[in-house]
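Architecture and fold: a report
Here's the letter readout for the chains.
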Amino acid sequence: MSDPQVAVAMLLILVLAIFLGFPVAFTLMALGVAFGYYAYLNPGRMWRAYERAVEDGADGWTLTEHWIGGFFNNRIFDLFVNQTYSVISNDVLTAIPLFLFMGYIVERSNIIERLFGTLYIATRRVPGSMAVAALITCTLFATATGIVGAVVTLMGLLAFPAMLKARYDISYASGVICAGGTLGILIPPSILLIVYGATAGVSVVRMYAAALLPGLLLAGLYLIYVVAKAVLQPQVAPKPTRDEVGHYSALQISWMLLTSFVPLAVLILAVLGAILFGLATPSEAAAIGALGGVVLAAAYRALTWQRLKESVYLTARTTAMVCWLFVGSATFASVFAYLGGQQLISDFVTGLDMSPLMFLIVAQIIIFILGWPLEWTEIIVIFVPIFLPLLAHFEIDPLFFGVLVAVNLQTAFLSPPMAMSAYYLKGISPPHVQLSDIFRGMMPYMLIVILCMVIIYIFPQIVYGLPNLIYGG
């Protein structure tokens, strides 16, 4: 087999291993080292000391020592160490554990429960008021935490039973929770955008500015659908009675919003504003956000040693997963490119003579399909880098491509049969809620995601408007 064919076999083995359920990070590292050993194999250089020892008539122990030393004298081990060091010392990735900690500590405070209750009361006259409140709460909470599983699970425990008790349609209620919970990977400050920026070499600050309006657009489209369905089909979201909601004056509602909605919104806007307007780097703003999360938890009397310990543990575990994914991906990609795999793919794609639009469509379809079995982290660090070298050929801005990918990856949690949002929700739902009901509720939101991508392509200023306004064209 030629080296490019070996590279293709390497990629196919990776896909097969992922489908068989092997840990992705360690599979990447193992394949990278194994195939890298073959790629960088140079017996003359590796066992030079051993051959000299043989010529000098050295004893068996010395020969064994030199042979083992020669075995580990392959350049793949130098590459692996360098890639590990470069990932761990990457300043951009420093923001990840800080944003994660902010999300986990906010999740463990009482603010989300109070926020949902307040928004439900404030929107009680809007059709589908409880779903509207759940969607807005999901959006704010997802933006603060960026962890889809945490948002869907917590809102599934908090809002989903309340909607079922209010006689909401199961599919309608479950779709709101699942779709709203995914918005955190798109709306800044998003960890996905940090990972993409580090992978593609794009400024995270510009990525945040570019993704803000598309994220709000998608959330707005979700909100329009929720209200429109409640208007057109009132039976899916019965209007609450006065006894169910209670009577609150405008002053009481204002105070409730001030003590629940405003603190979290201010925290998010402060972090995001500091990044967008150059007042702080993403890492510095994330540190302020983490401190703000602790202050909020303390203000709501929810800061306990146990919750703080859990937040730190979960932050460390998730950060380690992301970092080792980066290490494995960088090692795998380096060996894949050295063997000629990247050039083979580039030659194949460019030989198809596709237009930029056709390339974008094909790339997004592939990413959509990959979203069935894979998490967004795996797609960003493993497969997106395959497309990145091709963007220059098709004259596509990596910034624009990254925003489309971030929007597209909403479907990774909403597309059956591996829609993780559905399984998160099913795991904490009452027994009578069927997985098919949840899938049926999510399907309209997948179509809305596709509509959002079409709108972004037709009106690219949705992506470029804010970065150009703040930083210039």
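Structural data are supplied above this passage.
Scope of this entry: the structure provided in the associated data block. Owing to the predicted nature of the structure, the values given are computational and were not obtained by experimental measurement.

Turning our attention to the packing of aromatic side chains. Scanning the entire structure with this criterion turns up 16 aromatic pairs. Between Phe359 and Phe394 the ring centres are 4.3 Å apart and the planes differ by 10 degrees, which places this aromatic pair in the stacked class. In this pair, Phe359 is assigned in helix H20 (residues 356-370) and Phe394 in the loop between helix H21 (376-391) and helix H22 (398-408), connecting sequence segments 35 residues apart. In this structure, Phe359 and Phe394 share a single accessibility class: buried. Ring geometry for Phe387 against Phe401: centres 6.3 Å apart, planes inclined by 50 degrees, an arrangement best described as tilted.

Turning our attention to the packing of H21 against H22. Between H21 and H22, the shortest axis-to-axis distance is 11 Å and the interhelical angle comes to 145 degrees. For H21 against H22, the interelement crossing comes out right-handed. Residues Ile380, Val384, Phe387 and Leu391 of H21 touch H22, and the partners they reach there are Pro398, Phe401 and Val405. Considering only residue class, the contact of H21 with H22 consists of seven nonpolar, no polar and no charged.

In the structure shown here, the tally under the stated rule is one salt bridge. As a salt-bridge pair, Arg440 and Asp437 come within 2.6 Å of each other at their nearest N and O atoms. Pair noted here: Arg440 and Asp437 are both in helix H24 (residues 435-458), with a separation of three residues, about one helical turn. The class for Asp437 is buried, based on a relative accessible area of 13%.

Turning our attention to the nonpolar core. By size, the foremost hydrophobic cluster in this structure holds 166 residues, and its most contacted members are Phe99, Met155, Tyr222, Leu264, Ile380, Phe401 and Leu409. Setting aside residues up to four positions removed in sequence, Phe99 forms contacts with Ala144, Thr145, Pro189, Ile191, Ile194, Tyr208, Val271, Ile275, Pro282 and Ala286.

On to the packing of helix H7 (residues 95-107) against helix H16 (residues 250-276). Running from amino to carboxyl end, H7 crosses H16 at an angle of 175 degrees, the nearest separation of the two axes being 13 Å. The orientation of H7 with respect to H16, classified from their angle, is roughly antiparallel. Contacts from Phe99, Met102 and Val106 of H7 reach H16 at Leu264, Leu267, Val271 and Ile275. The residue makeup of the contact of H7 with H16, split by class, is seven nonpolar, no polar and no charged.

Take the side chain of Thr319 next. Residue position: Thr319 is located in helix H18 (residues 305-338). The residues touching Thr319, leaving out its near neighbours within four places in the chain, are Pro97 and Leu100.

Criteria and thresholds
- Residues numbered from 1 in each chain as written.
- Predicted model: local features only at pLDDT ≥ 70, side-chain atom pairs only at ≥ 80, totals over all residues.
- Heavy atoms only, no water.
- Phe/Tyr/Trp six-rings, centres within 6.5 Å; stacked < 30°, edge-to-face > 60°.
- Helix = DSSP H or I, 4+ residues; strand = E, 2+ residues; numbered from the N terminus.
- Buried < 20%, exposed > 50% of the residue type's maximum accessible area, 1.4 Å probe, protein only.
- Axes fitted to C-alpha atoms, helices over the stretch in contact; angles between N-to-C directions.
- Left-handed = near helix turned anticlockwise from the far one by under 90°.
- Contact = heavy atoms within 4.5 Å.
- Nonpolar A, V, L, I, M, F, W, Y, C, P; charged D, E, K, R; others polar.
- Salt bridge = Lys/Arg side-chain N within 4 Å of Asp/Glu carboxyl O.
- Core = buried A, V, L, I, M, F, W, Y, C linked by side-chain atoms within 4.5 Å.
- Parallel < 35°, antiparallel > 145°, perpendicular 65-115°, else oblique.

Note that every value here comes from positions in space, so none of it alone points to a role or purpose.
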